[in-house]
Amino acid sequence: MGTSGSKGMDGVGGIGGAALSGDGGIDGDEGSSGAGRAWHGGAQLYVSLKMEKARIIGDLVPHVYGSEPIIGSWDPAHALAMERELASMWELSFVVPPDHETLDFKFLLKPKDAATPCIIEEGPTRLLTGGMLEGDVRLANFRINGDDELHEFRVFNKADIVSPLDLAASWRVYKENFQPSMVRGIPDVSINEAPAHATEDGSGSSLELDLEHYVVPTPTAPPTEYAANLAATPASLIQPGALWTNDILLSDGIQSPIASADFQDHSDPNKAMPEAAGAVAAAAVADRLHGSKEDRKLAIVLVGLPARGKTFTAVKLTRYLRWLGHETKHFNVGKYRRLKHGANQSADFFRPDNQEGIEARNEVAALAMEDMIDWMHGGGQVGIFDATNSTSKRRYMLMKMAEGNCKIIFLETICNDRNIIERNVRLKIQQSPDYADQPDYEAGLQDFLERLTNYEKVYEPVEEGSYIKMIDMVKGEGGQLQVNNISGYLPGRIVFFLVNSHLAPRPILLTRHGESLHNVRGRVGGDTVLSEDGELYAKKLANFIEKRLKSEKTATIWTSTLQRTILTATPIVGFPKIQWRALDEINSGVCDGMTYEEIKKIMPEEYESRKKDKLRYRYPRGESYLDVIQRLEPVIIELERQRAPVIVISHQAVLRALYSYFADRPLREVPDMEMPLHTIIEIQMGVTGVEEKRYKLMD
C-alpha cells in the first residue's frame, strides 16, 4: 500500500505501507461495518481506498479531499495525493478508531505539484462509516476539460482490524530500515524517493551512455517468425497416414524420481489424458472421471474475420497451456491451404460465390481437423484450431467431426477498433507468406481488403454450442468477454487467462539478484546478503533501469521476499516495489545451505535422483521445478495483465521457469536453461509476438 501518501490520526505519516489483514478483516463485499464489532486492547481500523484506471490523461493524479481525519480541508489545493500502487492502481491508507465519526470526502484529479487543472468527481459527497464506504461506491466519474466523454475509475475500499502492537511494529520497521514491513507475512509495496543530490561513488557502477554496448547474444530464443508458421506441420499433407507423437507427457502428479533420465517414455501410452502436476493434475483427473470420453480432449476452435488477432491469441493460449504441462498443439488452416493450393491465391479464391474455392477451403479445414483428432488419439490433450470458421455451416462440419472424439469450445475474436484492424492488416501484408512474392505493398493491401470484404459478406457470429467471445479485448481495457455453456477445470483456466491477456506492447525485464555470499561459496538456497560484486551490480542495475525506462512513469519492480533480491532492488528509485512470495527461490528443503559436493557425499541417492530427472525431482521437504511452475501461474497471469513495464528481480530456478513461458520452451529444458548472474533479459511483448534481448552488465 502507499507509504508517503498515508496519514494517521495524529498527523504522522502512514504506517509504512503494511498490507495488514487478519481473521478480523472487513471485506467490502460483505456489506458489514466494523462499528458493531467487539473491540479489545485499543484495536484500530486500517482503511484503504483505491482507484483503478488503465491510463490517466496527461499528468493528472487522483487526490482525496474532505473532512478530518482524512484531510481536514475542503480546499482542493490541500488535497492529498494518492500513491501509485500498481501500474493502473492508486491508493490512500489511514488509521481511524473503530467507532470513528462519519467521514465525508470526494475524489479529484489534478497534477501532483500544482493546483490546476482540478477536476472534481461528479455526484454526491462520499461517506465513510466504520471504515467502509456507504451506498453505491464502485465508480468515480470525471469530465475532463468540459469533455462530453465520461471518464470512469473503479473504486475499492477495505478495512482491516489491527492491534496497536502491529501498528507500532510496522511503523518502527519502516522508519528504521525504510524497507517494506512483513508484520503478517503479506508482501508490501514501497517507493524509494530519488536522493536530493545524486553523486557517483567512483566504484564503477556507472554505465556507458549507449546501452547497446552491453547487448550479448541470446542463446536459446527462436528467431522471430510469422505466428502462423509456428503452428503444427500439416502431417496429412506431408506424410499421409503418419501418426502423431508427443515429445513429453507429464505424470498425473509430481512423483518420486524415475530410474531413467530418458524423456521418451515417461507416460503410459494408453493413458486418456496427459496432465500437468500438482493441483492441475488433481482437477484434470476429476474432470476425466466425471466427464464423457470426448470431454477428455478439448478443441479450441477460433472464429473471426481476418486481421482480428486470432492467430496471436492462438499462439499465446498454446504457450500458456504448454507451460502448465498440458499437451497442446496449434493447427493453422492457412498453413494447410498454402501447402495444398499454394500461397499466391488472390481475393477471388475467397469469394462467397466461388464454389470451387469454398470446397478447397473446406477440404483443408477437414484435413487439419483430422490431423488434430489423430494427434489427440496419440496422447494430445488440447488442440487450438486456427481459422476464420466464419459460417455456421463450417462450424457444423467441425462439430460433426468432433463427435465422440473431443469437446469443442468456439473462441470468437471481435474487434471494432479501426486503428487496430488497420495495424493488423499492415502486419499481414508485411509478414504473411500469402504476400511474400508480392513486391507492391499497395497491390497486396488492395487484394487483402477485397478478401476481407468477401468474408464480411457471409460472416455469421457464433451462437451455437459452447463458446467464448472476446469483444474489443486486444488493448486490455474497455473490452468484454462473454461465455456460454463453459464448465470444467481446464476451460475455466482458459477463460481466466483470456480475461487477463492482451496484445498491448510493453517490456518485461528479468534478472537474477546480484551475486550473494552463498553464490560465492557455492551453497544452495539460503537468505544471505550480497557480495561486493552483488552490491556493485545492484548499482549498475539501478543505472540501467534509469536509462532504459527514463520515459516510463508507470513501471513496477517485483522481487521475492528474500533479502538478496530486495537488496538488489534497493538502489532503484522512483518506481513501486512489490514483494512476491511466489518469486522466492526453489525450496531446497533439507539441502538448504549445502554445496552440491556435500549433497553428493552425505545423500548420494538424492544427488543421483536429481541428476537423472531435474524437472520432477523434489528436494526432501522441499520443491521440484514442477512445483515452482505451479506457484508461478499467478505471476504469469499478472504479467500478462500488466500494460506497463515490469522488472522482475528473482532467482535462477524461478527465472528459468518464467523465461520458459515467454520463450515457449519445452518443460524438459527448464532445469538446464542458461540464466547467468548480472545479466538482464528484456522480453518485448506485443502484437508481433515475443522478442528477446539480453544485456550483460558485469562478468
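Residues numbered from 1 in each chain as written. Predicted model: local features only at pLDDT ≥ 70, side-chain atom pairs only at ≥ 80, totals over all residues. Heavy atoms only, no water.

Side note on the overall build of the protein chain
Put simply, the rule reads: Here a helix means four or more residues in a row that DSSP labels H or I, a strand means two or more in a row labelled E, and each is numbered from the N terminus. Burial classes: relative accessible area under 20% of the type maximum marks a residue as buried, over 50% as exposed, and values in between as partly exposed (1.4 Å probe, protein chains only). Contact between two residues is taken to exist if any of their heavy atoms lie within 4.5 Å; hydrogens are not considered.
Tallying secondary structure elements over the protein chain gives 17 helices and 25 strands in all. For the protein chain, the proportion of its 699 residues judged to be buried stands at 54%. Sequence separation of 24 or more characterises 72% of the internal contacts of the protein chain that already satisfy a separation of 6 or more.

Side note on the confidence of the model for the protein chain
Quick reminder of the rule: The quantity called pLDDT is the predictor's confidence in a given residue, expressed from 0 to 100.
Overall, the prediction assigns the protein chain a mean pLDDT of 78, with 73% of residues at 70 or greater. The low-confidence segment residues 1-41, where pLDDT is below 50, has 104 contacts with residues more than four positions distant or belonging to other chains. Low pLDDT, under 50, characterises residues 240-293; the predicted model gives this stretch 106 contacts beyond four residues in sequence or across chains.

Here we look at the environment of Leu317
Counting through the fold element by element, Leu317 comes out in helix α4 (residues 310-324). Judged by its relative accessible area of 0%, Leu317 falls in the buried class. For the pair Leu317 and Ser501, spaced 184 residues apart in the sequence, the C-alpha separation amounts to 9.5 Å. Setting aside chain neighbours within four positions, we find Leu317 in contact with Ile300, Ile384, Leu411, Ile494 and Phe497.

Topic: the sheet that holds strand β15 (residues 328-332)
Selection rule: Two strands are said to pair when DSSP picks up at least two bridges between them. A fitted line through C-alpha atoms represents every axis, and for helices the fit uses only the stretch in contact; the resulting angles, taken between N-to-C directions, go from 0 to 180 degrees.
Spatially, six strands are ordered β15-β16-β14-β17-β18-β19 in an open sheet, and the strand pairing comes out mixed. Across the chains shown, the open sheet's two edge strands, defined by having one partner strand only, are β15 and β19 (480-484). Looking at each pair of strands side by side, their axes are set apart by 15° on average, direction ignored. Bridge count for strand β18 (residues 466-471) against β19 is five bridges, and the pairing is antiparallel. Of the residues in β19, the one forming a bridge with Lys469 is Gln482. Set on the sheet, helix α5 (residues 333-341) makes contact with β15 and β16 (382-386); between it and β15 the angle comes to about 50°. Each of β14 (298-303), β15, β16 and β17 (407-414) is contacted by helix α6 (residues 355-377), which is oriented at about 170° to β16, the strand it contacts most.

Some thoughts on unusual backbone geometry
Across the chain, the bulk of peptide bonds are trans and the bulk of non-glycine residues have phi less than zero. Phi is positive for Ala307, which is not a glycine, with a value near 65°. Relative to the elements of secondary structure, Ala307 occurs in the loop between β14 and α4. Ala307 gets classed as buried once you look at its relative accessible area, which sits at 12%. We note that Asn389 has phi near 40°; this positive angle belongs to a residue other than glycine.

Observations concerning the packing of aromatic side chains
The condition is simple: Pairing of aromatic rings covers Phe, Tyr and Trp, the last counted by its six-membered ring, and requires centre-to-centre distances within 6.5 Å; plane angles under 30 degrees mean stacked, over 60 mean edge-to-face, and any other angle means tilted. A ring is scored as having a charge over it whenever the NZ atom of a lysine or the CZ atom of an arginine sits within 6 Å of its centre and within 35 degrees of its normal.
Within this structure, the stated rule accounts for 13 aromatic pairs. Measuring from ring centre to ring centre gives 5.1 Å for Tyr661 and Phe662, while their planes differ by 75°; the resulting arrangement is edge-to-face. For the residue pair Tyr661 and Phe662, the accessibility class agrees, reading buried in each case. Residue placement shows Arg319 over the ring face of Tyr661; its charged tip is 4.8 Å from the ring centre.

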